[in-house]
Amino acid sequence: MEENRSLEEYLSNGVRNIVKGILKASFTNRKTSIFMTKYMVSSRRAREKRKAAEAMGEHIPPFLIASITNKCNLHCKGCYARANHSCTDHCGSKEAEGILTGADWGRIFTQAEELGIEFILLAGGEPFVRKDVLLEAGKHSNILFPIFTNGTMINESFLKLLEKNRNLMPVISMEGEQETTDARRGEGIYQMVEDTMKRLNDSGVLFGASVTVTKQNMQEVFSDAFVHKMKSNGIKAIIYVEYVPVDQESTALALDELTRKEMMQRLDTLRREVAGLIFIAFPGDEKTSGGCLAAGRGFFHINARGGAEPCPFSPYSDTNVRTTSLKEALSSPLFCKLKENGNLTESHIGGCVLFEQEEQVKSIVEEQEL
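Attention in this report is confined to the structure presented alongside it. (Residues numbered from 1 in each chain as written. Predicted model: local features only at pLDDT ≥ 70, side-chain atom pairs only at ≥ 80, totals over all residues. Heavy atoms only, no water.)

### Quick look at the overall build of the protein chain
Across its full length, the protein chain carries 15 helices and nine strands. Taking the contacts inside the protein chain whose residues are at least 6 apart along the sequence as the reference set, 72% of them involve residues at least 24 apart. For the protein chain, the exposed area adds up to about 16,600 Å²; of that, 51% sits on carbon and sulfur atoms. (Helix = DSSP H or I, 4+ residues; strand = E, 2+ residues; numbered from the N terminus. Contact = heavy atoms within 4.5 Å. Areas by Shrake-Rupley, 256 points an atom, 1.4 Å probe, with all protein chains shown as cover.)

Printed below as a string of structure tokens:
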């Protein structure tokens, strides 16, 4: 119980810092500042809900990751979602079978709000192919929805949606400067992303960037030149995501303990020296939180068909939120065993502790199916 209280305090402090950082970064944006001031009140209420649950022996994470579609319009090199076949080009009858509807996601968002979940990260595929889900998310102003997008589909219709619903925050993915981004995402994508950032900035929409960090691009994406260029483009938050290998051959790109330490030291420097920008590392310093935050410790993942998974990079599930509540999914046998067996505290290479334990995770799921 003491460990859970310490974890809840760690997570709540992290949430408070993020909310305060967003409010500070959006100080000159009147509409966003008004929204974030109101959101701070709902954030306090959410923390009280989680605190009350903790007192009853129930741990509720403040974050949820929701992959609302398995469709994407790009073919990025090294894409984990395509490697594990959770992402496709089309959503025909076969691909769309079992995909959660907008109403399904609306029900999940309502349950999340009731539990005290404050942030729901919308991912895919490309989430902007699901306007129905984004409309549902917009109705839940007590939850902040970072939308992890490749930035190529945000047209005038979506700009109006984002202007109306300030709880929807696009987070545009890139790998660094033009040459590095286009090498992975396709020729011309960086320019499309720059055009999108200009439209978002001109519209006064709060938005951020998501940067996948590898040993190859680490110096580039943490450079003063890159950071200040992102700031000049209107970005208010940069989320640095550690690269997760798609196979054993690509593990050389993943950060090791030394490079991860260098990354965290550089982040500390940027947080001190660069005003008006929020810097977030995912998964961040796991030692501070007592291990990986997946499987419900700090967050968990729901795939496009409703499967409750430890995280997007460990796509295994024994529970589906279509037939069970979000609260019950947090106590799934898989999640419980991963925490009880110590899987989340193992040493690892790359951004996901469960990547190197794939067979162990699969065996736990198979045990539940017997």
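### Quick look at the environment of Lys-327
With respect to the helices and strands, the residue Lys-327 is situated in helix 13 (residues 326-329). Along the chain, Lys-327 and Glu-58 lie 269 residues apart, while their C-alpha atoms are 9.3 Å from each other. Setting aside residues up to four positions removed in sequence, Lys-327 forms contacts with Glu-58 and Leu-115. A distance of 3.4 Å separates a polar atom in the side chain of Lys-327 from a polar atom in the side chain of Glu-58. (Polar contact = N/O pair within 3.5 Å; in protein donor to acceptor, adjacent residues only side chain to side chain.)

### Some remarks on the environment of Asn-201
Along the polypeptide, Asn-201 turns up in helix 9 (residues 189-203). Distance in space between the C-alpha atoms of Asn-201 and Ser-232 is 9.9 Å, their sequence separation being 31 residues. In this structure, Asn-201 is in contact with Phe-207, Asn-233 and Gly-234, ignoring residues within four places of it in sequence.

### A word on the pairing of strand 2 (residues 119-123)
Of all five residues in strand 2, five are buried, a share of seventy percent or more. Burial of strand 2 is two-sided: the residues Phe-119, Leu-121 and Ala-123 facing one way and the residues Ile-120 and Leu-122 facing the other way are all buried. Two strands pair when backbone bridges link them, and strand 1 (residues 63-67) and strand 2 are joined in this way by five bridges, in the parallel orientation. Following the sheet pairing, Phe-63 is matched in strand 2 by Phe-119. (Buried < 20%, exposed > 50% of the residue type's maximum accessible area, 1.4 Å probe, protein only. Pairing = 2+ DSSP bridges.)

### A closer look at the packing of aromatic side chains
Within this structure, the stated rule accounts for nine aromatic pairs. Relative to Phe-119, the ring of Tyr-39 lies with its centre 6.2 Å away and its plane at 75 degrees, an arrangement referred to as edge-to-face. One end of the pair, Tyr-39, is in helix 2 (residues 30-55); the other, Phe-119, is in strand 2, and 80 residues separate them in sequence. One exposure class covers both Tyr-39 and Phe-119, and it is buried. Through pairs of rings, three or more aromatic residues link up here, namely Phe-35, Tyr-39, Phe-63 and Phe-119. Above the plane of the ring of Phe-158 lies Lys-131, whose end atom (NZ or CZ) is 5.6 Å from the centre. (Phe/Tyr/Trp six-rings, centres within 6.5 Å; stacked < 30°, edge-to-face > 60°. Lys NZ or Arg CZ within 6 Å of the ring centre and 35° of its normal.)

### So, the nonpolar core
Core analysis: the largest hydrophobic core is formed by 108 residues, its most contacted members being Ile-120, Leu-122, Tyr-240 and Leu-326. It is helix 1 (residues 2-25) that contributes the most residues to this core, six residues altogether. In this structure, Tyr-240 is in contact with Val-211, Val-213, Val-221, Phe-222, Val-227, Leu-267, Leu-270, Phe-279, Ile-280, Ala-281 and Phe-282, ignoring residues within four places of it in sequence. (Core = buried A, V, L, I, M, F, W, Y, C linked by side-chain atoms within 4.5 Å.)

### Quick word on helix 14 (residues 333-340)
The complete set of buried residues in helix 14 reads Leu-334, Phe-335 and Leu-338. Looking down the long axis of helix 14, one finds its buried residues gathered within 100 degrees of arc, a one-sided arrangement. Gly-342 sits one or two positions beyond helix 14 and adopts a positive phi of about 80 degrees. (Arc of directions from axis to C-beta.)

### Focus: the packing of helix 6 (residues 131-138) against helix 7 (residues 156-164)
Contact pair helix 6 / helix 7: the axes reach a minimum separation of 11 Å and the direction vectors enclose 15 degrees. Classified by the angle their axes make, helix 6 and helix 7 are roughly parallel. The element helix 6 and its partner helix 7 pack so that their crossing is left-handed. Residue-level contacts link Lys-131, Leu-134 and Leu-135 of helix 6 to Ser-157, Phe-158 and Leu-161 of helix 7. Split into classes, the residues belonging to the contact of helix 6 with helix 7 amount to four nonpolar, one polar and one charged. (Axes fitted to C-alpha atoms, helices over the stretch in contact; angles between N-to-C directions. Parallel < 35°, antiparallel > 145°, perpendicular 65-115°, else oblique. Left-handed = near helix turned anticlockwise from the far one by under 90°. Nonpolar A, V, L, I, M, F, W, Y, C, P; charged D, E, K, R; others polar.)

### A closer look at helix 11 (residues 224-232)
Along helix 11, the positions that sit buried rather than exposed are Phe-226, Val-227 and Met-230. Across the axial projection of helix 11, the buried residues extend over an arc of 95 degrees, all falling on one side. Structural note: helix 11 exposes Ala-225 and Ser-232 on the side pointing more than 90 degrees away from its buried face. Directly beyond the C-terminal end of helix 11, a positive phi value near 100 degrees is found at Gly-234.

### Remarks on unusual backbone geometry
Omega for the bond connecting Gly-124 with Gly-125 falls within 30 degrees of zero, at 10 degrees, which places this linkage in the cis form. With respect to the helices and strands, the residue Gly-125 is situated in the loop between strand 2 and helix 6. With a phi angle near 60 degrees, Ala-295 is a residue other than glycine that sits in the positive phi range. Here Ala-295 is to be found in the loop between strand 7 (278-282) and strand 8 (301-302).

### Describing the pattern of salt bridges
Side-chain pairs of opposite charge can arise where the charged atoms are in close proximity. Applying the stated criterion to the full structure yields 17 salt bridges. Residues Glu-242 and Arg-260 are paired through a salt bridge, measuring 2.9 Å at the closest nitrogen-oxygen approach. With Glu-242 in strand 6 (residues 237-242) and Arg-260 in helix 12 (residues 257-273), this pair connects stretches of sequence that are 18 residues apart. Each member of the pair, Glu-242 together with Arg-260, is buried. When salt bridges with common partners are traced through the structure, they connect Asp-104, Arg-107 and Arg-322 into a single cluster. (Salt bridge = Lys/Arg side-chain N within 4 Å of Asp/Glu carboxyl O.)

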